[in-house]
Amino acid sequence: VQLQASGGGLVQAGGSLRISCVASGSTFSSYDMGWYLQVPGKLRELVATISAGGSTSYRDSVKGRFTISRDNAKNTVYLHVNSLKPEDTAVYYCTAGSNIGEYYYPRDWGQGTLVTVSS
């Protein structure tokens, strides 16, 4: 599946953004979707996942601030990012993959969208 992310930008600390990712094809609803972030010079880190059935999971550092959601009619997954901190500055990537057990396995990656949080 091809993924196209958008919605990143420059925001002040404490602000909010909604970043989106549109998927191609007719099988979007069957995928478990995820968002990763990557800070320059560091490895990509899993931020949140949403299963095909709508179950969500989050890394501890974003719980209560980030919300992942999906609209299967629009082939779109969203990441609502609130109460942003400068350390949230990163490129955010959406993925399509599978939850197997307690782990998420990404298969397809979008191109990333940059979120910059100013202090």
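So, here's what we can say about the structure. (Residues numbered from 1 in each chain as written. Predicted model: local features only at pLDDT ≥ 70, side-chain atom pairs only at ≥ 80, totals over all residues. Heavy atoms only, no water.)

**Some words on a nonpolar patch on the surface**
Note the cut-off: Patches were defined on residues exceeding 30% relative accessible area and lacking a salt bridge, with like-charge contacts within 9 Å and nonpolar side-chain contacts (Val, Leu, Ile, Met, Phe, Trp, Tyr) within 5 Å. Only the protein chains shown count as cover for residues, and all accessible areas are computed by the Shrake-Rupley method using a 1.4 Å probe. What counts as a salt bridge is simple: a side-chain nitrogen of Lys or Arg found within 4 Å of a carboxyl oxygen of Asp or Glu. A helix here means a DSSP run of H or I that spans at least four residues, while a strand means a run of E at least two residues long, and both kinds are numbered starting from the N terminus.
Together, I100, Y103 and Y105 make up a nonpolar patch on the protein surface, roughly 350 Å² of accessible area in all. By the secondary structure assignment, I100 is in strand β9 (residues 90-100).

**Focus: the sheet that holds strand β1 (residues 3-6)**
In a beta sheet, neighbouring strands pair by backbone hydrogen bonds and run either parallel or antiparallel. For clarity, the cut-off: Two strands qualify as a pair provided that DSSP identifies no fewer than 2 bridges between them. What counts as an axis is a line fitted to C-alpha atoms, over the stretch in contact for a helix, and the angles between N-to-C directions run from 0 to 180 degrees.
The strand order across the open sheet built from four strands is β1-β3-β8-β7, with neighbouring strands paired in antiparallel fashion. Here the strands that pair on one side only, and so sit at the sheet edges, are β1 and β7 (66-71). Shown here is a sheet whose adjacent strand axes are inclined to one another by a mean of 15°, direction ignored. Summarising the sheet, β1 and strand β3 (residues 17-23) pair through four bridges and their orientation is antiparallel.

**Comments concerning unusual backbone geometry**
Applied cut-off: Exposed residues in this analysis have more than 50% of their type's maximum accessible area, buried residues have under 20%, and partly exposed residues fall in between, with area computed by a 1.4 Å probe over protein chains only.
For N75, which is not glycine, the phi dihedral falls at a positive 50°. Tracing the sequence through the fold places N75 in the loop between β7 and β8 (76-81). Among the residues examined, N75 registers a relative accessible area of 17% and is labelled buried. Positive phi outside glycine occurs at S83, with the angle close to 50°. Tracing the sequence through the fold places S83 in the loop between β8 and β9.

**Here's the deal with the pairing of strand β4 (residues 32-38)**
Regular strands have side chains that alternate between both faces of the sheet. Counted residue by residue, β4 has six buried out of seven residues, so it is predominantly covered. Judged from the seven bridges that link them, β4 and β9 form a sheet pairing that is antiparallel. Paired with M33 across the strands is A96, a residue of β9. Pairing between β4 and strand β5 (residues 45-50): five bridges, direction antiparallel.

**Some points on the state of the cysteines**
Formally: Cysteine sulfur atoms that come within 2.5 Å of each other are treated as a disulfide pair.
Within the structure shown, the criterion is met by one disulfide. Sulfur-sulfur distance for the disulfide between C21 and C94 comes to 1.9 Å. Between C21 and C94 the disulfide shows an S-S torsion of about 45°. By sign, it is right-handed. Of the two residues, C21 is situated in strand β3 and C94 in strand β9; the sequence distance between them amounts to 73 residues. Accessibility assignment for this pair places C21 and C94 in one class, buried.

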